[in-house]
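# Topology and contacts: notes
As a plain string of letters, each chain reads:
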Amino acid sequence: MGSTRIKAISLTLLAAVLILGGFLVYITLTDYKPQEITTLTVNNNPQQVLKQGESFSVTTFNIGYAGLDKGQDFFMDGGTKSRSSSREQTKTNLEAVASLITTTDSDLFMLQEVDIDSSRSNGIDEVSYLSNKFADYSNVFATNYKVPWVPLPVLDPMGSVNSGLLTLSRFNSTSNIRYDLPGKETWPRQQFDLDRAFVESRFPVDNGKELILVNLHLSAFDQGGTIRKQQLEYLSAYIKKENDKGNYLILGGDWNHSLPGTVPDAFETTQDWPQWLQEFPEHFQQGFQWAVDAKVPSVRTLDVAYSEGVNFRAVIDGFLVSPNVSISGVQGHELSFEHSDHNPVTATFILQ
């Protein structure tokens with residue numbers, strides 16, 4: 001090999017190292033690092049107050065950034081893709097999500113994976129779209145995924161991401177706070193990962209107490225579930241503090257665990273139990289109740305496009321409520337994962 005060729009190869013390798021190094025420095029310097037507690041802005045706050053003894057409904061739905069419809073897979077789950085198949089499909093999925101949650105006529109919506117301006121959802125502001133669609137509701141948004149560029153998958157990278165949790169409500173709230181959950185991946189993986197959080201919304205009740213509504217999205221792909229364990233410990237301490245005050249608590253969202261009272265074996269599949277899915281720990285919060293629909297799966301695997309009877313399915317979306325909240329009904333909405341990799345869940349509650 002001639003010296004000129006060796007020199008060219010060396011310069012190419014050096015350039016590649018410098019580019020990679022520069023990119024890692026950039027990602028590290030621009031890393032989103034929220035405080036543990038961040039006060040959020042509520043828009044269009046209504047005046048209606050919750051009443052003790054009257055029923056109200058809540059729907060939770062991970063909308064999969066309006067990009068994970070039934071024809072999609074996802075690289076973190078063993079597939080190859082990370083983006084919506086097209087801008088038109090993103091719009092179709094988003095319109096279908098809005099239509100579905102409209103039909104539930106719920107008083108509160110707890111949504112996860114809602115994008116603002118992300119490459120994976122073709123730059124569509126889903127937060128504004130849904131907030132405008134539900135103009136009679138207040139809206140509160142909290143970021144939990146903000147990265148200037150995710151370079152994977154290599155041939156079709158996820159790109160820029162700005163996403164989070166959106167809570168919509170017909171009731172007056174006095175406080176909305178983002179709580180940053182503990183447990184982080186190692187560098188540099190964390191720089192490309194979600195900053196998991198939950199949104200606490202406080203609603204006054206006509207008997208002088210408060211309803212604490214928690215919109216959450218726990219970790220999924222943490223090795224061995226170690227980060228999820230830290231998050232649940234943090235959540236347990238938070239719940240105890242609020243429960244000791246005598247308040248009403250409803251915690252809902254995407255728990256990324258197989259929830260108590262549900263059995264994934266109930267749903268036909270040709271796949272094995274996925275490595276990322278863990279069973280929710282027993283005796284997490286003594287005296288609390290789960291509002292889940294064991295008959296309707298709320299999530300599917302994403303290693304392949306959806307085909308009923310093939311993909312592994314489970315119930316990981318639902319609600320955990322304090323003993324002073326009665327559960328009068330729970331319904332999972334079987335949508336066959338047409339427009340998201342999750343199915344929504346609606347529950348009706350009464351404050352005692």
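Residues numbered from 1 in each chain as written. Predicted model: local features only at pLDDT ≥ 70, side-chain atom pairs only at ≥ 80, totals over all residues. Heavy atoms only, no water.

### A few points about the pairing of strand E15 (residues 317-321)
Burial analysis of E15 places 5 of its 5 residues in the buried class, which makes it a mostly covered element. Along E15, one buried face is formed by Asp-317, Phe-319 and Val-321 and the opposite face, lined by Gly-318 and Leu-320, is buried too. Two strands pair when backbone bridges link them, and strand E9 (residues 248-254) and E15 are joined in this way by 5 bridges, in the antiparallel orientation. If you follow Leu-251 over to E15, its bridge partner there is Leu-320. (Buried < 20%, exposed > 50% of the residue type's maximum accessible area, 1.4 Å probe, protein only. Helix = DSSP H or I, 4+ residues; strand = E, 2+ residues; numbered from the N terminus. Pairing = 2+ DSSP bridges.)

### Overview of the sheet that holds strand E4 (residues 138-150)
Strand order across the open sheet formed by 6 strands is E4-E5-E3-E2-E17-E16, with mixed pairing between neighbours. Here the strands that pair on one side only, and so sit at the sheet edges, are E4 and strand E16 (325-332). Pairs of neighbouring strands in the sheet enclose a mean axial angle of 15 degrees, with direction left out of account. As judged from the 6 bridges shared by strand E2 (residues 55-62) and strand E17 (residues 345-351), these two strands associate in the antiparallel manner. (Axes fitted to C-alpha atoms, helices over the stretch in contact; angles between N-to-C directions.)

### Things to note about the environment of Leu-155
Take Leu-155: it is sitting in the loop between E4 and strand E5 (159-169). Classification of Leu-155 as exposed rests on a relative accessible area of 86%. Taking the C-alpha atoms as reference points, Leu-155 and Ala-347, 192 residues apart in sequence, are found 42 Å from one another.

### Quick notes on the sheet that holds strand E7 (residues 197-204)
Strand order in the open sheet made by the 7 strands is E1-E6-E7-E8-E9-E15-E12, with mixed pairing throughout. Unpaired on one side and paired on the other, strand E1 (37-39) and strand E12 (289-291) mark the two borders of the sheet. Ignoring strand direction, the axes of neighbouring strands in this sheet form an average angle of 20 degrees. Two elements, E7 and strand E8 (residues 210-217), share 7 bridges in a ladder whose sense is antiparallel. By the bridge assignment for E8, Ser-201 is matched with Leu-213. Along the sheet, helix H4 (residues 226-243) contacts strand E6 (175-180), E7, E8, E9 and E15; its crossing angle with E7, the most-contacted strand, is approximately 10 degrees. (Contact = heavy atoms within 4.5 Å.)

### So, the packing of aromatic side chains
One pass over the full model with this rule turns up 18 aromatic pairs. Ring centres 6.2 Å apart and planes at 50 degrees place the aromatic pair Phe-56 and Phe-349 in the tilted group. Taken together, the positions of Phe-56 in strand E2 and Phe-349 in strand E17 put the pair 293 residues apart, joining distant regions of the chain. We classify Phe-349 as buried; its relative accessible area is 0%. One aromatic cluster is present, built from ring pairs that chain together Phe-56, Phe-171, Phe-319 and Phe-349. (Phe/Tyr/Trp six-rings, centres within 6.5 Å; stacked < 30°, edge-to-face > 60°.)

### Points about the side chain of Ser-173
In this structure, Ser-173 sits in the loop between E5 and E6. Polar contacts involving the side chain of Ser-173 include one to the side chain of Asn-176, which spans 3.1 Å. For Ser-173, the contacting residues outside a window of four places in its chain are Val-42, Asn-45, Arg-202, Phe-203 and Pro-204. (Polar contact = N/O pair within 3.5 Å; in protein donor to acceptor, adjacent residues only side chain to side chain.)

### Looking at the pairing of E7
Of all 8 residues that make up E7, 7 are buried, and the element is covered over most of its length. Across 6 bridges, the pairing between E6 and E7 is antiparallel. Within E7, the residue paired with Ile-177 across the bridge is Glu-200. Counted along the chain from E7 to the antiparallel partner E8, the turn is 5 residues long, and its residue Gly-208 has a positive phi close to 95 degrees.

### A short note on unusual backbone geometry
Cis rather than trans, the peptide bond between Leu-152 and Pro-153 has omega equal to -10 degrees. With omega at 0 degrees, the peptide bond leading from Trp-187 into Pro-188 counts as cis. Checked against the element boundaries, Pro-188 lands in the loop between E6 and E7. The phi torsion at Ala-66 lies on the positive side, around 55 degrees, for a residue other than glycine. Following the sequence through the fold, Ala-66 ends up in the loop between E2 and helix H2 (87-104).

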